[in-house]
Amino acid sequence: MPNTSARPKHGRRTRRRRREDPARNELVSSSLESAQQCLFNQDYGTAFVHYLLVLNLAPMFKDFARESFRFTLFKWTEELDSVGRIQELFDCYEQALELFPADEVILNSMGEHLFRMGFRDEAAGHFHKALKLRPDYPEARENFYRVANWLVERWHFLMLNDHGRNRKYQQAIQKAVQSGCNTVLDIGTGTGILGMCAKKAGAAEVYACELSKTMYELACEVLTANKMDDSIKIVHMKSLEMEVPKDIPQKVSLVVTETVDAGLFGEGIIESLIHAWHHLLLPPQRGENEFQDQSATGRVIPAGATVFGMALESLEIRRHHRLCVSERDSADCRGGYKALTEPFTALNIDFNNVQELEGLSSRAVQRIRLPVTQGGELDALAVWFQLHLDEDSSLSTGPEEDTCWEQAIYPVHSTKGFVLKPQDELVVEVSCRDAFLRLCSVAVLRDGREICLDTLQDPQNTGDPVSNQTPEAELCTALACLQTEQNQTKDFCMLECSEMALLNNREYHQSFSSALSKLISQMKVKCQNKEPGSGVQSDSADLLFVLDVSEGFSLLSLIAASHGHVKAFSSVEKVKQQEVLKRLAQSNNVPEQHLEFWLNNMEDEQGMLKRPSREKLWSAIILDCVETCGLIRQKLMEKASLARCLLEDGGSIFPAKIVVQGILVESDTLLLESAVQGQEATLGIQHRSVHQPVHCTGPCVFGLLHTRVQASQ
Ligand code: 44T
């Protein structure tokens, strides 16, 4: 585990040799009895100690006691977990694994704890072991896929499979090495591919560094498989921590790196290169003297970059980032975009000029005026870049290119949309703060007037509001403080993009609302039949109780409460989000006492399944058991069956049933992001150890990348 101090290693416990000893037999049988008694009394800690004693003294009981031992272990460690006694928790698992080293259930469960504590590499190791022991063990398989997705992000495969990109890097490296750069450092080596290119090109010394432990280990395997483990020195380090001669013996004449994300700066390339120029690279070449000895000077591949931007309309981006009441039906919202301006140059940067790198953050804010070329709603600024590998060759991550790259998106967050017209000019500000690129649409020039777009600072926005005031639009105005933007002021309430997309899903809310209406009228009739003449009363004893256990922000409890005659319990946990719901309840005339917040802890079964009050049962329980990406929340499904006994007669669980449909697909994209597709793409470099099972998460493709999924019956 990365932080070993949290879990000290135990030496192997010494086991005494088994002897036929009556006192010992007595101890074993009385301890076994005590273990069983403690288990019955739910005193799991003591039961665990007794079991340990028994099984260490009398290993022949292992088969007999395995199930109870596991149960005790899980119950006891659950308790330890809930009170934060983490060290003891892992001690218990280590003791258990000493007794049952090949028990896949214990291994899997320990992996789950490790994963929750953030020790992902170690968790993966445990799931993998469990899976090796029992390849058909579904829990371990699911866990392993999940953690593998965390550890080796899919873009590694996309990059490795991008032959064009690999080839261009290879050619630029070859040229540099042939012109004299004979000592090379690959910063952020991933699987080691650029370092190997340098070695193959004939560089005398090649070093590489990688900050991710998993990627570092993979790189070691790939180097070995390609018989280059002796010729490339790789370190598991962030380049910023490297020193000469501690980590590499000398300063290098070439740094190669592709530590860039879709927005160029997200992987910290500016900081890494400033550090490299000061500590790891030979001094730069001076002037234009091409005949200078390249082995005595330093340079970087890529030599620099140009960042481009473009304004666009995209329903897919809109529905993930702001409340939108679109007249268009949701089928229109899938993928695609409309360019509203021509691409513009946002920034130019020379990676071989350390002064320029250092001065980036203090560059003045640049104001750019962009003629609008096509009318449409302003949803985002898209950004991509050209990496100038050297003076002759470059790579582009633009939307029209056939590369592995996606574009970075700066979404518009303000609730009031703005429709740009062809004669408008859009004013965009570009700046760099802490080596992060910031792009912002600040104003529109129309008919000689300047319309400010920043509604957060200027509530008197004179722009054209897009939404006409339908009832939903009014609701949206009340929800205006919900944002997906990270750095907003205290009046704003942060939502995940997926929560926003769900909030924008009108069909989802409408179908729930109508199902609930039906249920409420049925229940009311039943109520009246029971007590003829009593009619609808506002007395809380007659209210229907609805529990919403949706995860994250959900309007469903409020929708339930707004039906009248209902007391709804929301599971929204964040205080800010609770405040928003309360405000919305108020503006929808829902009495304050009809919306309560259920202290919902998904891990705590008793909490979730508690009755609303001693006399009442739930009339409806909303179990939002499908994630927006299409995954089924297995744990919630299990709870659905338990929840059933807390429903009053005639009550319902929503959704009542789920129909899972499947279709066979052929998808190049899925292949390209799951495994290295042969050696051709990777320039003959072998990557057999680098692969990842496809873990289906539903067809959610985002940004400007078009799906290449094709239905094939
Ligand atoms: N994702 C691109 C970002 N590193 C590429 O640990 C493009 C995303 C992407 N190591 C879809 C498509 C694409 N010192 O393994 C990583 C990272 C490592 C460092 C040592 C440092 N200073 C760093 C900084 C990063 O470098 C590797 C590559 S970073 C490239 C990121 C296909 N979605």
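The structure presented is a predicted model; accordingly, all values stated were derived computationally and were not measured. (Residues numbered from 1 in each chain as written. Predicted model: local features only at pLDDT ≥ 70, side-chain atom pairs only at ≥ 80, totals over all residues. Heavy atoms only, no water.)

Our next topic: the overall build of the chain. Helix and strand content of the chain: 22 helices and 26 strands. For the chain, buried positions account for 48% of its 713 residues. Counting only carbon and sulfur atoms, one obtains 50% of the accessible surface of the chain, whose full area is about 36100 Å². (Helix = DSSP H or I, 4+ residues; strand = E, 2+ residues; numbered from the N terminus. Buried < 20%, exposed > 50% of the residue type's maximum accessible area, 1.4 Å probe, protein only. Areas by Shrake-Rupley, 256 points an atom, 1.4 Å probe, with all protein chains shown as cover.)

A few words now on the nonpolar core. Core analysis: the largest hydrophobic core is formed by 140 residues, its most contacted members being Phe-69, Phe-351, Leu-387, Leu-426 and Leu-437. For this core, the element with the highest residue contribution is helix H2 (residues 44-57), accounting for eight residues. If you look at the next biggest cluster of nonpolar residues, it comprises 31 residues, including Leu-495, Ala-560, Leu-584 and Phe-654. (Core = buried A, V, L, I, M, F, W, Y, C linked by side-chain atoms within 4.5 Å.)

Another aspect to go through is the pattern of salt bridges. Evaluation of the coordinates by the stated rule reveals 26 salt bridges. Glu-596 serves as the salt-bridge partner of Lys-567, at 2.9 Å between the closest nitrogen and oxygen. Within this pair, whereas Lys-567 is found in strand E21 (residues 566-570), its partner Glu-596 is found in strand E22 (residues 595-597), the two being separated by 29 residues in sequence. Here the salt bridges share partners, and the residues they tie into one network are Arg-66, Glu-67, Arg-70 and Asp-103. (Salt bridge = Lys/Arg side-chain N within 4 Å of Asp/Glu carboxyl O.)

An ideal rise of 1.5 Å per residue puts 20 Å on 14 residues; helix H4 (residues 86-99) measures up with 20 Å between its terminal C-alpha atoms. Along H4, 11 of the 14 residues are buried, which leaves the element largely enclosed by surrounding structure. Within the sequence span of H4, burial applies to Leu-89, Phe-90, Asp-91, Cys-92, Tyr-93, Glu-94, Gln-95, Ala-96, Leu-97, Glu-98 and Leu-99. (Expected span 1.5 Å × (residues − 1).)

This part covers the UniProt feature "repeat: TPR" (unreviewed entry) in the chain. Under the UniProt annotation, the feature "repeat: TPR" (unreviewed entry) is placed at residues 104-137. In residues 104-137, the share of helix is 79% and the share of strand is 0%. The end C-alpha atoms are 8 Å apart. (UniProt positions renumbered as here; feature names shortened; annotations may be inferred.)

Take a nonpolar patch on the surface next. Nonpolar side chains collect at one region of the surface, where Val-626, Ile-632, Met-637, Ile-658 and Val-660 lie side by side and expose about 370 Å² of accessible area between them. Mapped onto the elements, Met-637 comes out in helix H21 (residues 634-643). On the accessibility criterion, Met-637 (33% relative accessible area) is partly exposed. (Patch = residues over 30% accessible without salt bridge, like charges linked within 9 Å, V, L, I, M, F, W, Y side chains within 5 Å.)

All right, on to the environment of Leu-502 then. Note on placement: Leu-502 falls in helix H16 (residues 497-503). Look past the residues within four positions of Leu-502 in its chain and what remains in contact with it is Tyr-508, His-509 and Thr-628. (Contact = heavy atoms within 4.5 Å.)

So, about the packing of aromatic side chains. The description of two aromatic rings rests on the distance between their centres and on the angle between their planes. Here the structure, examined in full by the defined rule, presents 11 aromatic pairs. A centroid spacing of 6.4 Å and a plane angle of 50° characterise the contact between Phe-545 and Trp-618, whose relative ring orientation is tilted. With Phe-545 in strand E20 (residues 544-548) and Trp-618 in strand E23 (residues 618-622), this residue pair connects regions lying 73 residues apart in the sequence. For the pair shown, Phe-545 and Trp-618 are each scored as buried. Relative to Trp-618, the ring of Phe-569 lies with its centre 5.1 Å away and its plane at 80°, an arrangement referred to as edge-to-face. In this pair, Phe-569 sits in strand E21 while Trp-618 sits in strand E23, placing the two residues 49 residues apart along the sequence. Both residues of the pair, Phe-569 and Trp-618, count as buried. One aromatic cluster in this structure is built from Phe-48, Tyr-51, Phe-69 and Phe-100. Over the aromatic face of Phe-100 sits the side chain of Lys-62, whose NZ or CZ is 5.8 Å from the ring centroid. (Phe/Tyr/Trp six-rings, centres within 6.5 Å; stacked < 30°, edge-to-face > 60°. Lys NZ or Arg CZ within 6 Å of the ring centre and 35° of its normal.)

What follows covers the site of the ligand. The ligand sits among 20 residues. The nearest are Met-159, Gly-188, Glu-210, Ser-239 and Val-260. Measuring from a nitrogen atom of the ligand, one finds a backbone N or O atom of Leu-211 at 3.3 Å. Ser-272 is positioned with one of its side-chain polar atoms (N or O) 3.2 Å from a nitrogen atom of the ligand. Protein contact buries 90% of the 720 Å² of open area that the ligand shows by itself. Here the shell around the ligand takes three residues from helix H8 (residues 155-160), the largest share from any one element. Per-class residue counts for the shell around the ligand are nine nonpolar, five polar and six charged. (Near = heavy atom within 4 Å. Polar contact = N/O pair within 3.5 Å; in protein donor to acceptor, adjacent residues only side chain to side chain. Nonpolar A, V, L, I, M, F, W, Y, C, P; charged D, E, K, R; others polar.)

This part takes up the sheet that holds strand E16 (residues 436-446). With respect to topology, four strands assemble into an open sheet ordered E9-E15-E16-E17, the strand pairing being antiparallel. Pairing within the sheet leaves two strands with one partner each, and these edge strands are strand E9 (366-371) and strand E17 (449-452). Averaged over neighbouring strand pairs, the angle between their axes works out to 30° when direction is ignored. When E9 meets strand E15 (residues 425-433), the two strands line up antiparallel, connected through six bridges. Opposite Arg-369, over in E15, you have Val-427 as the bridge partner. (Pairing = 2+ DSSP bridges. Axes fitted to C-alpha atoms, helices over the stretch in contact; angles between N-to-C directions.)

Per-residue confidence for the chain gives a mean pLDDT of 84; residues scoring 70 or more make up 82%. Of the regions scoring below 50 in pLDDT, residues 1-16 engages in 28 contacts with residues more than four places distant in sequence or in other chains. Long-range and interchain partners of residues 329-333, a stretch whose pLDDT sits below 50, account for five contacts in this model, where long-range means more than four residues apart. (pLDDT = per-residue confidence, 0-100.)

The subject of this paragraph is unusual backbone geometry. Put simply, Val-244 and Pro-245 share a cis peptide bond, and its omega is 5°. Counting through the fold element by element, Pro-245 comes out in the loop between strand E3 (232-235) and strand E4 (254-257). The linkage connecting Ile-301 with the following residue, Pro-302, adopts the cis geometry, with an omega of 5°. Its identity is not glycine, yet Gln-42 carries a phi of approximately 60°, on the positive side.

Quick look at the side chain of Ser-557 now. With respect to the helices, strands and loops of the structure, Ser-557 is situated in helix H18 (residues 556-561). Excluding residues within four positions of it along the chain, Ser-557 makes contact with Asp-548, Ala-568, Phe-569, Ser-570, Leu-581 and Leu-595.

By the secondary structure assignment, Glu-499 is in helix H16. For the buried residue Glu-499, which engages in no salt bridge, the nearest side chain bearing the opposite charge is Lys-574, 5.2 Å off. Non-local contacts of Glu-499, meaning those with residues more than four positions away in its chain, are made with Gly-552, Phe-553 and Gln-577. (Lys, Arg positive; Asp, Glu negative; His and termini not counted.)

Turning to its location among the elements, Phe-597 is positioned in strand E22. Distance from Phe-597 to Lys-582, taken between C-alpha atoms, is 9.9 Å for residues 15 residues apart in sequence. Excluding residues that lie within four positions of it along the chain, Phe-597 makes contacts with Ser-570, Val-572, Gln-578, Leu-581 and Lys-582.

Our focus in this paragraph is the sheet that holds E3. Spatially, the five strands line up as an open sheet ordered E3-E2-E1-E4-E5, and their pairing is parallel. The two strands at the open ends of the sheet, each matched to only one other strand, are E3 and strand E5 (299-301). Averaged over all adjacent pairs, the angle separating strand axes in this sheet is 20°, with direction ignored. Note: strand E1 (residues 183-187) against strand E2 (residues 205-209), five bridges, orientation parallel. Each bridged residue has a counterpart across the sheet, and for Val-184 the counterpart in E2 is Val-206. Lying over the sheet, helix H10 (residues 193-200) contacts E1, E2, E3 and E4, oriented at roughly 180° with respect to E2.

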